[in-house]
Amino acid sequence: MLGAIGAGSLDDLFADVPESVRLGREIDLPAGQSEQEVYDYLAGLAARNRHADDEVTFLGAGMYDHYVPALIDNLLSRSEFLTPYTPYQPEISQGGLQVMFEFQTAISELTGLPVSNASVYEGPSAVAAAGYLAKLETRRTRLVASRGLHPHSRAALRTHAVGYGMEVEEVPLTGEGATDVAALAAAVDDDTAAVFVQQPNFLGTVEELGELAEAGSRTGALVVCAADPLPLGILRPPGEQGVDICVGEGQTLGNRLDFGGPSFGFFAAGERFLRKMPGRIAGETRDVDGKRGFVLTLQTREQHIRREKATHNICTAQALNALAGVVYLSWLGRRGIVELAELMLRRTHYAREALGLEAINPGPVVREFAVRVPDIDGLFERARAERVNPGYRLGRDYPEYEDGLLVAVTERRTRQDIDRLAALAGARTGVAA
Amino acid sequence: MLGAIGAGSLDDLFADVPESVRLGREIDLPAGQSEQEVYDYLAGLAARNRHADDEVTFLGAGMYDHYVPALIDNLLSRSEFLTPYTPYQPEISQGGLQVMFEFQTAISELTGLPVSNASVYEGPSAVAAAGYLAKLETRRTRLVASRGLHPHSRAALRTHAVGYGMEVEEVPLTGEGATDVAALAAAVDDDTAAVFVQQPNFLGTVEELGELAEAGSRTGALVVCAADPLPLGILRPPGEQGVDICVGEGQTLGNRLDFGGPSFGFFAAGERFLRKMPGRIAGETRDVDGKRGFVLTLQTREQHIRREKATHNICTAQALNALAGVVYLSWLGRRGIVELAELMLRRTHYAREALGLEAINPGPVVREFAVRVPDIDGLFERARAERVNPGYRLGRDYPEYEDGLLVAVTERRTRQDIDRLAALAGARTGVAA
Amino acid sequence: MTELDPRAGEQTVTVFERSRAGRRAFVAPRADVPEVDVSELLPASQLRERPAELPEITEPELVRHYVTLSSKNFHLDEGFYPLGSCTMKHNPKLHERVAALPGHARLHPLQDPEYAQGALELMWRLQDALGEIAGLPHVSLQPSAGSHGELAGLLLTRAYHEERGEHKTKVLTPDTAHGTNPATVTMAGYEVVKVGTAPDGGVDLDDLRAKATDDVACLMLTNPNTLGLFDRNIEEIARIVHGVGATLYYDGANLNAVMGIARPGDMGFDIVHYNLHKTFTQPHGGGGPGAGPIAVSDRIEPFLPSPQVIRRGGDNGAGRFDLDYDRPKSIGKLRGFQGNFGVFVRSYAYIRSLGGDGLKDASQVAVLNANYLKARLAEEGIAEYLPIAFDRTCMHEFVLSGTGAKEKLGIRTVDIAKRMLDHGVHPPTVYFPLLVDEALMIEPTETETKERLDQFADVVRAILEEAAEDPEIAQNAPYTTPVRRLDEAGAAKRPVVRWRPEGE
Amino acid sequence: MTELDPRAGEQTVTVFERSRAGRRAFVAPRADVPEVDVSELLPASQLRERPAELPEITEPELVRHYVTLSSKNFHLDEGFYPLGSCTMKHNPKLHERVAALPGHARLHPLQDPEYAQGALELMWRLQDALGEIAGLPHVSLQPSAGSHGELAGLLLTRAYHEERGEHKTKVLTPDTAHGTNPATVTMAGYEVVKVGTAPDGGVDLDDLRAKATDDVACLMLTNPNTLGLFDRNIEEIARIVHGVGATLYYDGANLNAVMGIARPGDMGFDIVHYNLHKTFTQPHGGGGPGAGPIAVSDRIEPFLPSPQVIRRGGDNGAGRFDLDYDRPKSIGKLRGFQGNFGVFVRSYAYIRSLGGDGLKDASQVAVLNANYLKARLAEEGIAEYLPIAFDRTCMHEFVLSGTGAKEKLGIRTVDIAKRMLDHGVHPPTVYFPLLVDEALMIEPTETETKERLDQFADVVRAILEEAAEDPEIAQNAPYTTPVRRLDEAGAAKRPVVRWRPEGE
Ligand SMILES: Cc1ncc(COP(=O)(O)O)c(C=O)c1O
Ligand SMILES: Cc1ncc(COP(=O)(O)O)c(C=O)c1O
């Protein structure tokens, strides 16, 4: 091959690289290994993690131990889905494009908003992307976020907002662990570009979304709701309650825990935001023979066309994870998502009662709830020794709940599991059936 | 749908089933469960098995802990390979048919025999199938088997031979653990249809195949060799040494342990046996447009065409497992199989020396060897407590080696593993490098 | 379009032809023991002189080769596959997941039972469930597929008779029997005697009575039979067969019709095989793997293959599972180890998923689907050309005859089948059972939807209508497949069964 | 052939259109807690009134739907995919296996570090390796992709300058820059200033000098640049940029050219992002996921995102890995949790498989393959129509211009690309970089064989020859794909971005 090129050696090909910036030595890394050795090494590392099958875990706080059906693994491992890149050539990418279109439809159904994109990175950066859209749309300078918004979402919003030159102000929770409507109403002013709430909120509280939206939009700010898509199977959709933009973390939809990623974020909004959305959007069209087909559409929003005028800089997103999401939703189906969400709902309330501890959010909750644990260190010590993980300690993110424990319940946590945690937490007995 | 049929109820469809043979109750089995529950239940059972990653295992004796490359899982999980049935319609089965053809080629290369079928069930029943072919071919009544043939192969041969009306006689091993050539020569007579040997034999001994074939075929009996296909990467092919039929267990070629199956058996033979082979055979041909293609060929041997005159009754075989086999062999490749077999060879000899115990087969061995262990019960007790599995105890199958231990070595057993076993077995030190 | 398709003439190449010297996918693990020369370790006589000509290819190209090949297969996850007698039901993807758990997939078959309790319990529970489903108490999971089960059945029959000092030489099989039945009879050292079929599609009782002589060892039967019909006379058949001291063998390939409805054991069968890869969902795999467990009555039990999976001691989970080799009357081993365990895991997952009532549902829907499709194919415009062979309520499958199409349209069953390929459905089993001229044997299974059945009926109608206009279309079909009709005769006449390098 | 293909006119349907009331795949686990009415647990205001219209479909039909859809995708495991700037290298299947290990895939991101030591060690080792490869000591794995890394880079730049009390408002990007660069600049609150390209394809130094004013915060550069050319003046560029107190940002999308050869850190870059999904093998996934870690020099380190993976205590495996949140100057979190860990597992598997010299080999072969293909495409019969944009030794990719074809043959780059679809190869990146008219940007990667490169050259030649005879063939291509040219303008004018039931 060198001959055809007219080069004498491989080195000749790098003649443009000035000597002074050449490495001049080997990269200082261990020598390459065979497949078997790399497998053994990484399996050895993996064995040093206590994963969700190694313990009974009530840990949630943004990612949840749901059962991922086997067909998702099978479909995602197909080279046809696994190994193409972004569908730039629609004629040979109808599979991926139609998946995007179906994904958009499912997200639109769940959120009650007419338009959805085909995924963004993940939850908290989706929240930040909504902030950017609010800036483009309103040209205002302030963002207001409920403390019921995931701490990571608030953090990501703050980080990104520095870039687009906005400030983020927080609205406290009530004594019942819900967003304080009055405080929200008070926090917005004519400079407020958007308000951010979460449904259910970080503590698992089912928020009065309509009231929040009304209060938050008082001065013309956009209302952004971060939502867990699974409870949306039984909760009134944000789009029906005055929410302009609904974003969220998609891990709960057929994605692995993966120590935090990759998963996907979703981004749905009212029709009027369609041309300001971030990320890829698939649209339906016809080919020259009149055949139905799908394309990447409204690309004039995107960085590769619009460059510095783009509505976002996102390029590579989470197509494979979003595929898992739409397959999962189709697997659950119209009735299944209701059954699953109701099971979670009932178990969540059962668990809160079974634990018999002081509830931080005593009102309606789904999938998660927060309690005060008098001897929280002791509980963790006892529980971990028995391979039970009681949940997420709120102290780091919420000094006001120093002794707070956030307990997540999914369809994988049986009543028996819950009773076990209750016993560890010192509850006298379980709840009567 | 019942309406279209003109039936009033589902029960009407079963009117032909006499009341007296109806079950009249539910099947007495636990109620059906969700995917998640079935998964949890079976995962719970699986967790009660100590598998090959749970311990350092030297267990072999017919199935071996080889590394199966990830691409095999990926390819085998493809619906295109996983979910068709036998390629009865060649126009829409070229994938499966070409795989068979490639498989046949690879087996033919390894065994040094010109024709191979596309798989039989597994090793020992492949041996039995060779017995049946010998009967069809020679119309003689006796079969002679070396005690170096896997005990399961000898057992399966005996079981099947009762059906086709033949007796099986055994030839002992020498004091060095090789088939006794003189005894073999003495055992064959004019009624002998076939002799059976194994390479390497059950103890890991590399047999003098040419001498055995010469002795065994003295009176016109067919020479059948059961072989492990992986060492054939460096061993002289049976087909070059007077062997008529080479059969074997294919698990070592990219198949899982699976507690014994499914794997595949292979069946290769001289050209003259082509029309007497059992099982499916793919052949190359052309379509009406002159395009190269593959079909199931020589089907007039098979049960669905020839019925009681078929050369075997096999129908469903091991297509998916054979696919793993040919992918594995292609993955190893021309040089890789040599490297792998040489690594096994060296480690086997290293291990025998390291153990420092009395060798039952002190001559050339590959992948496996047998030693006498003075306190074999003690060794197992010590080793199992440390999650080391020393190997296979020969006592049950070979009363003559009551204290015998068969130690298998693959590319997965490192020198460190071997030294650990040696230490457990009381060897003073490992071997110098 | 072909003239605009630059790949239309592309020829397939084998993986061997993709080989290029020096390439590789495999990398050897580090050599950690002394690199002794191979010639010091092996006798010269046993050293290979030149390497086996396996391909030299990189991982990406290897993956592409097999991915590309795979895409030339039609498969069940693509569309309708009503291959009669093969029960092409959907294999839930869960089954692949549980089979792949390291505790299953990486378990050595000779692991000490103490460390394989989970696997043995699974086998024990599967035996138990299968026994309950067939109504016969003793199960061996060992046989590798249906035909292996059949062989086991006849070896058991032989052992049973021999113990009683009876010498029998014949085995009866109906003329509708699957080819494995007579092939098995021969392999088991018996002579095949064919029994005729009555006008209603069942066993001809008179013929059976005439042929059921004292030297008959067994009648092999499937019920419903390969015509998809339940033999109403099954009790009388059992009486006749048992009357001459023969065993009654149940070919379980058609068990999918009757789970939870009627049990072979209750019908009088002594020995049953199951095709786990039909009734109890396996991935089909391009023709395997499968498993053919057998169940038997008390009198046959002593002869079952060795080892048997048993539970020792306590009843309620307290017991310990073991392999029992102490079976002095056993016919011995049929194969290595304990059978196709990976297959057992899948089938047991299936049984647990469905439960007792789910299995019955499955059979009912299988029968419903078959009858619905039969009704659709009995419509005008189809039935004239493809009349049903035996017009009764069918069970899980039914058989049409292509005689009408042959006579009236000039197209044969093979042409109809080939034209189906262009429509993206798999043809039924064709030219079987032999009894039916130009047979099409159709088994939709319960995992298909009404839309699929309707679509299939529409396809059949479309093919017949098209043939009425121009029979050559079907006669020369298919057109849209990776290759078209292949020269099978030539392949058999000058067999090329392996690739060889140019010039070799 | 179309007239003989009964499926030629078949229209695709969405999974929603396959829905039939009452069907399902999912079965709910047993309800084991009291079945309290939902209305007792949720306020009426928050109760959904009608269920979300998700499909009702069985598992087999669901599988078929997506398997069938998938087969409409061209993909890397099928054939050559020289999509410039995307580094479509083969992702070894091992990577999927190790990522799927339960210890990785089932690990909760908030697991106590004590019980996640393996994961943290992997991340720590990956950081270490990436730092060594880029020649910059401090790595954050957090950004989700390249563009996210870019944003992080500019936020770091801002934090750095702010700490020093410097207020800067502009960021320089070359006119060859990828679209994400200017888009990021805007999102990060800076103004974009474009720098021109010199006749040799590198940065126009004069223009750079003119625009490198005190209010410039950063120059974003990729080297080799998007023309596939290594900028020989990189040291001078660094001097100019650093001279005005700006940072030099390395867009790592093209790192695949220079691993083990030259390191961005040694070239003078302050901040680097890696596209793990390009250089360090990810499965591509139809457009993700990926990850865009960043590496920085000492002076930028204090501002890195939080948390950082660190090792506390002993050096040799004795240490304990932890997440460090105590980073007072940090720009904060860019996203949830610790980043795309599953991506890290794959990339680290890659780095361990190749080792230091293997990575260098990879870059060398990537460059060799690009230059070989460039040479093949510079042959007579091709180069007249598709001249290379900047004719120098290229690095891992190169850019052709379709101007010749447009003028001499009347076909545009888009036509060539569409006709490639019929040949079964993926077209290069087209119409980028903007600087080159009718651009074709070709990146073969090192995992391709010479045969693939030759085949691609043959395809290009065939298309051009064909166009010389009849340009309409390319102008109307493709012909063999599941759909043909699609109405993109119509799609954008009247956007239909979700399915709706009839009548809604
Ligand atoms: C009726 C019948 N009997 C027996 C068999 C043989 O079963 P197997 O293929 O499992 O050996 C089949 C398989 O097609 C069959 O349909
Ligand atoms: C040169 C260049 N820079 C930046 C990017 C953006 O990277 P990502 O897609 O990971 O966000 C790309 C991706 O295509 C690229 O090619």
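Refer to the structure printed above.
Rules of the game
Residues numbered from 1 in each chain as written. Chains lettered and ligands numbered in written order. Predicted model: local features only at pLDDT ≥ 70, side-chain atom pairs only at ≥ 80, totals over all residues. Heavy atoms only, no water. Least-squares fit on C-alpha atoms with pLDDT ≥ 70 in both. Near = heavy atom within 4 Å. Polar contact = N/O pair within 3.5 Å; in protein donor to acceptor, adjacent residues only side chain to side chain. Areas by Shrake-Rupley, 256 points an atom, 1.4 Å probe, with all protein chains shown as cover. Helix = DSSP H or I, 4+ residues; strand = E, 2+ residues; numbered from the N terminus. Nonpolar A, V, L, I, M, F, W, Y, C, P; charged D, E, K, R; others polar. Pairing = 2+ DSSP bridges. Contact = heavy atoms within 4.5 Å. Axes fitted to C-alpha atoms, helices over the stretch in contact; angles between N-to-C directions.

1. Overview of the relation of the copies chain A and chain B
(1) Moving on: For the pair chain A and chain B, the relating rotation is 180 degrees, the translation along its axis is 0.0 Å, and the fit reaches an RMSD of 0.0 Å. Both copies are brought into coincidence by an operation consistent with a two-fold rotation axis. It is R78 of chain A whose C-alpha, among those of chain A, lies nearest the rotation axis, at 3.3 Å.

2. Considering the site of ligand 2
(1) Moving on: Near ligand 2 there are 15 residues, and of these T316 of chain A together with S85, D251, H277 and K278 of chain D occur at the shortest range.
(2) Moving on: Near ligand 2, residues from chains A and D are present, making the site a shared one.
(3) Moving on: The separation between an oxygen atom of ligand 2 and a polar main-chain atom of S147 of chain D is 2.7 Å.
(4) Moving on: D251 of chain D is positioned with one of its side-chain polar atoms (N or O) 2.5 Å from a nitrogen atom of ligand 2.
(5) Moving on: Summarising the interface, the protein chains cover 99% of the accessible area of ligand 2, which totals 390 Å² for the free molecule.
(6) Moving on: Of all elements in the fold, only α6 (146-163) and α11 (276-279) of chain D reach the threshold of two or more residues within the shell around ligand 2.
(7) Moving on: Residue contributions to the shell around ligand 2 peak at three residues, all from α6 of chain D.
(8) Moving on: A class-by-class count of the residues in the shell around ligand 2 yields four nonpolar, eight polar and three charged.

3. Quick look at the sheet that holds strand β12 (residues 368-372) of chain A
Residues and elements named next belong to chain A.
(1) Moving on: What the four strands build is an open sheet, ordered β11-β12-β15-β14; its pairing is antiparallel. Taken across any chain shown, the strands that pair with only one partner, and hence form the sheet edges, are β11 (358-359) and β14 (392-393).
(2) Moving on: Across two bridges, β14 lies against strand β15 (residues 404-408) in antiparallel orientation. The residue of β15 that forms the bridge with Y392 is L406.
(3) Moving on: The strands touched by helix α12 (residues 376-385) are β14 and β15; relative to β15, the strand with the most contacts, the crossing angle is about 40 degrees.

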